[in-house]
Amino acid sequence: AATAGAVYYLFGATGDLARRKLFPALFSLYKEGKLGDDFAVVGLARRPRTDEQFRSDIYESIGEFCRYKATDTELWNRFAEHFVYMSLDINNVEGFRDLNRLSGHLDDKFGIAGNRLFYLALAPELFGPVSFNLRDGGLLESKGWHRVVIEKPFGYDLPSAQELNDQITQVFREEDIYRIDHYLGKEMVQNIEVIRFANALFEPLWNNKHIANVQITLSETVGVEDRGGYYDKSGALRDMGQNHMLQLLTMIAMEPPSRLHGEDIRDEKVKVLRSLRQYETDEDVRAHVVRGQYGSGEARGKALPGYREEDKVDPQSATETYFAARVLVDNLRWAGVPFYIRTGKRLPVKTTEVVVEFKNIPNNVLFGQRHDLAPNLLVIRVNPMEGIYLKINAKQPGSDTAVQPVAMEFCQSCQIGLNTPEAYERLIYDASRGDATYFTRWDEVSEAWRFVDKIAAAWKSGAGDLQQYPAGSWGPERSHELLGEDGFHWWPVN
Ligand code: BG6
């Protein structure tokens, strides 16, 4: 079904996110008929730009980043007509009044009933001021709905996130605030609940009686690129841990919701976050969390600079570009099952995957004496490959009794003609229909910060050595010990 018509306000319209993700997402939605024709997009940023220039930016961005190409001129022209640009000083309410007048014209021109979606692809310190000016400039007085979509990072720690939230909620109601975590828009992340709850093979086994450990890997080959200024203040724990990794963990660990509805799912996710064992002391952090920073190294025959040599990075920086942790979920379902999470820049492969390692069947008389049975694994591949993969034991053909692990694989991304929507398409579409399921609620965000802040505080006080790892390697040695101590190891990623 097409979305309810609305005006979309794109703050940060000349930025990287708009170019790489948002314009392509809007075009794909339009091409698939999900946007209808009763919409308008106002690009907003400080720098002056004509509507024509703005449209040609969009055209280029689609050429480069969209899964559909804008080769059909008639379709492109029809789409481009909906886009206008306005230069705006976000600290000056006068400009917002002009924007309000412009909105009225757009409503009339495209038959829009006053619905407004404000997309803030801005630095977090601007969320508050922009919200106030939207209100004071009269933009929230139209007769339709008013929603705000906010990009990460949502604060730097719990106090700053709280302050941000206090400001935004002076203007918008919680149910109208859509906090983006783009991992929740990924097809295979949304698939986790189907795999878990729709399969008799998994649902009954999804607990500490049958699962030995869970491993979540978000590895990247890139370094900090041109984001040194932001990243050096953030680091892997805040950039990936507080949001994407903990969100993935909640999807794996949550109890079945009473219905597959937004609030019910989010209620269950927040319970997982509340059950996380908090690392209160420096010793806790040292025992359960590893941090690393890439030094110079090499990948595919190419020399790579160390993190401290990167642009806009402090040459003495102590910012982590890698972290791994043993996370414990203290509830009846998961007591005793470690969740190992790891993420890093400049690792050997780009992948996001979840490995669920099942307990071996009771040390059995049948095979035990002669063979070391490999545990069953369920691997959920999120990105860039999409699919699931199950490792089971079977008889080696031709032998009498030899057992070997075999793989059963469903490769979603290999299937010809399957062109999965990008996370941002799904999320923009959901926000415009008022479905907040795959956005993070304030209680989730604050619980995640509470957990992460304690680790950050211990690191700040010097606990846990920052270990160097060569660019292109799998991170500090200590990350292997973390699992070794429990009798496990990281399963190699595929
Ligand atoms: C972003 C982080 O949220 O996620 C980046 O800020 C990271 O540092 C990116 O590179 C990874 O996203 P994806 O979808 O490419 O796995």
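Residues numbered from 1 in each chain as written. Predicted model: local features only at pLDDT ≥ 70, side-chain atom pairs only at ≥ 80, totals over all residues. Heavy atoms only, no water.

The name an unreviewed UniProt entry assigns to the protein chain is Glucose-6-phosphate 1-dehydrogenase, from the organism Paenibacillus sabuli. Listed in UniProt under the heading Sequence similarities (unreviewed entry), the comment for the protein chain reads: "Belongs to the glucose-6-phosphate dehydrogenase family." Word for word, the UniProt comment on the protein chain under Pathway (unreviewed entry) is "Carbohydrate degradation; pentose phosphate pathway; D-ribulose 5-phosphate from D-glucose 6-phosphate (oxidative stage): step 1/3." (UniProt positions renumbered as here; feature names shortened; annotations may be inferred.)

Caption draft 1: Here's a closer look at the pattern of salt bridges. Under the definition given, this model contains 41 salt bridges. Here Asp107 makes a salt bridge to Arg116, at a shortest N to O gap of 3.6 Å. Looking at Asp107, the relative accessible area reads 10%, which means it is buried. Between Arg227 and Asp239 there is a salt bridge whose closest N-O contact spans 3.9 Å. In this pair, Arg227 sits in the loop between strand S7 (211-219) and helix H8 (228-253) while Asp239 sits in helix H8, placing the two residues 12 residues apart along the sequence. When its relative accessible area of 3% is taken as the criterion, Asp239 is described as buried. One salt-bridge network, in which partners are shared between bridges, spans Glu263, Arg266, Asp267, Arg441 and Asp443. (Salt bridge = Lys/Arg side-chain N within 4 Å of Asp/Glu carboxyl O. Buried < 20%, exposed > 50% of the residue type's maximum accessible area, 1.4 Å probe, protein only. Helix = DSSP H or I, 4+ residues; strand = E, 2+ residues; numbered from the N terminus.)

Caption draft 2: Seen up close, helix H4 (residues 93-110). With 18 residues, H4 should cover 26 Å at 1.5 Å per step; its first-to-last C-alpha distance of 26 Å lies within 8% of that length. Buried within H4 are the following residues: Gly95, Phe96, Leu99, Ser103, Leu106, Asp107 and Phe110. Seen along its axis, H4 keeps its buried residues to an arc of 125°; they face one direction. Residues Arg101, His105 and Asp108 are exposed on H4 and point more than 90 degrees away from its buried face. If you follow the buried residues of H4, they end up packed against strand S1 (6-11), strand S2 (39-45), strand S3 (83-87), strand S4 (116-120) and helix H5 (127-136). Two to three positions downstream of the cap, the backbone nitrogen of Glu94 sits 3.0 Å from a side-chain oxygen, assigning the N-cap of H4 to Asn92. Immediately beyond the C-terminal end of H4, within one or two residues, lies Gly111, with a positive phi of roughly 65°. (Expected span 1.5 Å × (residues − 1). Arc of directions from axis to C-beta. Contact = heavy atoms within 4.5 Å. Polar contact = N/O pair within 3.5 Å; in protein donor to acceptor, adjacent residues only side chain to side chain.)

Caption draft 3: Focus on the confidence of the model for the protein chain. Scored by pLDDT, the protein chain has a mean of 95; 97% of the residues are at 70 or more. Predicted complex metrics record ipTM = 0.99 and pTM = 0.96. (pLDDT = per-residue confidence, 0-100.)

Caption draft 4: Region of the structure containing the sheet that holds strand S15 (residues 387-395). Across the sheet, which stays open at both edges, the nine strands sit in the order S16-S15-S14-S13-S7-S12-S11-S8-S17 with mixed pairing between neighbours. The open sheet has two edge strands with one neighbour each: strand S16 (403-411) and strand S17 (466-470). With direction set aside, neighbouring strand axes in the sheet form an average angle of 20°. The pairing of strand S8 (residues 289-295) with S17 spans five bridges and is classified as parallel. Looking at the pairing, Arg291 lines up with Leu466 of S17. (Pairing = 2+ DSSP bridges. Axes fitted to C-alpha atoms, helices over the stretch in contact; angles between N-to-C directions.)

Caption draft 5: Representation of the state of the cysteines within the structure. Taken as a whole and assessed by the stated rule, the structure comprises one disulfide. Disulfide pairing is shown between Cys411 and Cys414; the S-S distance is 1.9 Å. Its S-S torsion of approximately 75° makes the covalent link between Cys411 and Cys414 right-handed. Accessibility expressed as a relative area gives 13% for Cys411, which makes it buried. (Disulfide = S-S within 2.5 Å.)

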